[in-house]
Amino acid sequence: MPPSVRSLLRDPRFRLELAPGPWREGDERLEASITWAHSSDLADPTPWLDEGQLLLTDGAQFAVEVRGAAGPHAAAPLHATAPPHATGADRALPDGARDPERAYVDRLKARGIRALGFATGVVHDEVPPALVEACAATELPLLVMDERTPFIGIVRSIADTIAEEQRERLEWSLDAQRAVARAALRVDGLGAILLELSRRLDCWVALFDSAGTVLRVPGLRGVPSDLADVVAEAVTSALGRGSRAGLSIIEAGGGISLQTLGQRGRLRGVLAVGASEPLDAAGNDLVASVIGLASIALEQRRGLDAARRRLRTGLFELVLSGVVDVADRTAVGLWGPLPPEPVRLATVVGEVHGQALLDELELQADENSGRLFFAERDDEILIVTPHDDLAASQALLARHGLAAGVSGPVPWHELARGLGEARHAAGSVTRENSVVLFEQLAEQGMHGLLVASGGDRVARRMLQPLIDLPPAERDTALTTLRVWLQHNGAWDPAARELGTHRHTLRNRVRAAETLLGLDLDTFAARTELWSALQLATP
């Protein structure tokens with residue numbers, strides 16, 4: 001522990017007493033660390049002092065009659081002449097117009113002096129009452145000692161304590177650095193060094209990727225919810241600049257440190273660290289080491305992940321081609337067995353930013369061996385799970401604002417059919433229904449499937465020659481064709497419903513047949529035309 005007023009009072013070697021003042025048990029002013037000790041009898045020693053120090057004096061600067069006669073210890077009154085470093089306000093006062101002890105203490109307080117030590121039995125038999133009152137009024141701790149307490153002993157004790165603390169922090173730093181280095185050698189090195197950093201500093205830690213998405217590490221204390229928006233905004237700003245930089249954010253109860261990872265123009269992410277109090281040099285050194293290791297790990301991970309994804313894609317292609325047993329044996333040696341069949345295949349819908357989704361899929365695949373397989377194929381991300389286990393992948397996609405089309409249950413050797421079903425289901429994804437199962441389309445019949453797969457656009461293109469007719473002719477042609485097909489191509493019943501002669505009806509149908517380029521004497525052409533009329537709304 002660093003030296004403090006309280007620790008000096010407890011040290012029996014110095015026989016110190018705390019002068020009366022507004023002190024209470026656990027007072028932070030008595031527990032605050034002392035950075036050094038300095039002795040001086042100058043009327044104004046503040047130019048030679050730094051904040052946080054202990055000042056020791058025997059009071060020679062204060063007026064006193066020394067044991068009946070002027071001698072070598074006699075001193076002139078403090079207020080006889082203005083000290084050379086007194087403030088302008090002190091110089092403006094006439095002699096005696098201001099309490100010299102109070103002015104002296106005010107200067108020490110303004111300089112940030114931690115405490116004043118006063119030796120009795122050297123110049124003064126006791127501490128001047130005015131000095132005691134001034135220290136109490138300004139809440140500056142006053143330590144009283146006798147002539148048997150050498151100043152050099154206090155100075156040396158404080159120096160030794162500071163040196164011991166520095167040694168302990170150095171040992172802590174070396175031990176923490178070694179622990180982080182060992183963590184980096186683990187299989188999950190990136191997550192391990194983040195966990196070690198959080199444990200050593202007792203703080204929260206978050207690593208964001210190049211898209212600003214936080215990397216999920218099980219067991220890691222992440223960004224508190226009340227700071228999430230502040231940190232996210234700062235991370236986005238840092239990544240947007242594209243240059244290496246550090247940033248500190250001061251919040252109530254502590255500080256947040258952000259540091260970019262990677263090279264200028266090729267940032268790999270941002271490391272955010274939140275501590276309850278500012279980090280010292282040892283803590284900052286540890287963070288710097290983690291930044292270096294994390295940067296290396298991210299670069300290595302990019303290459304390794306790319307290779308793993310290419311291998312996954314290769315296994316997926318093997319399964320599509322029917323070589324399921326080879327793909328399964330290969331997967332067992334790398335990640336674990338393929339999910340048990342029947343399986344569902346999901347194709348991801350939406351714009352995928354950065355590597356966050358793939359990182360999480362990799363993590364879930366490791367955590368749920370044999371329950372999830374994923375692959376990239378061209379521009380698609382495909383996820384395979386057991387047919388009754390969609391919850392985890394649905395939750396993951398929801399966190400990333402993505403949707404999916406999902407096939408019905410299929411065996412592995414029919415995965416190609418599942419891929420087709422997933423793509424059909426993906427065409428029906430909406431904002432309200434972000435995960436669409438193929439069975440939902442099947443429940444709507446063939447017409448529902450055609451609508452979901454964009455059949456209305458094909459139908460309008462097919463009927464475009466009729467749609468481009470003048471409105472009256474267009475409506476007559478479309479109505480004629482609908483009624484005629486409803487009567488299964490029978491001329492007389494359709495003509496009666498339309499209120500026209502059957503020869504007129506025949507001429508209209510033949511004219512539409514010519515415009516559309518169809519042979520309506522065939523069942524296939526009539527079926528195609530009927531589907532188009534049902535799907536298209538001119």
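Residues numbered from 1 in each chain as written. Predicted model: local features only at pLDDT ≥ 70, side-chain atom pairs only at ≥ 80, totals over all residues. Heavy atoms only, no water.

Right, let's talk about the pattern of salt bridges for a bit. Counted according to the given criterion, the structure contains 28 salt bridges. We note a salt bridge from Arg 474 to Asp 475, for which the minimum N-O separation is 3.2 Å. Taking the relative accessible area as the measure of exposure, Arg 474 reaches 21% and is therefore partly exposed. Where salt bridges share partners, they join Arg 24, Asp 27, Arg 29 and Glu 139 into one cluster. (Salt bridge = Lys/Arg side-chain N within 4 Å of Asp/Glu carboxyl O. Buried < 20%, exposed > 50% of the residue type's maximum accessible area, 1.4 Å probe, protein only.)

It is worth spelling out the pairing of strand E10 (residues 343-349) at this point. Burial within E10 is extensive, with six of its seven residues counted as buried. In this structure, E10 lies alongside strand E12 (residues 380-386), joined through five bridges in antiparallel fashion. Counterpart to Arg 344 in the pairing with E12 is Thr 385. Where E10 lies against strand E13 (residues 403-406), four bridges are found, and the strand directions are antiparallel. Within the sheet, the bridge partner assigned to Val 348 lies in E13 and is Ala 404. (Helix = DSSP H or I, 4+ residues; strand = E, 2+ residues; numbered from the N terminus. Pairing = 2+ DSSP bridges.)

In this model, helix H7 (residues 189-201) (13 residues) spans 18 Å end to end at C-alpha, consistent with the 18 Å of a helix rising 1.5 Å per residue. In terms of residue burial, H7 counts as a mostly covered element, since eleven of its 13 residues are buried. Burial in H7 covers these residues: Gly 189, Leu 190, Gly 191, Ala 192, Ile 193, Leu 194, Glu 196, Leu 197, Ser 198, Arg 200 and Leu 201. The first or second residue beyond H7 is Asp 202, which carries a positive phi of 50°. (Expected span 1.5 Å × (residues − 1).)

Another point: unusual backbone geometry. A cis amide bond links Glu 341 with the next residue in sequence, Pro 342, at an omega value of 0°. Tracing the sequence through the fold places Pro 342 in the loop between helix H10 (324-334) and E10. One non-glycine residue, Arg 15, adopts positive backbone phi at about 50°. Although it is not a glycine, Asp 202 adopts a positive phi angle of roughly 50°.

Worth remembering: the numbers are spatial, not functional.
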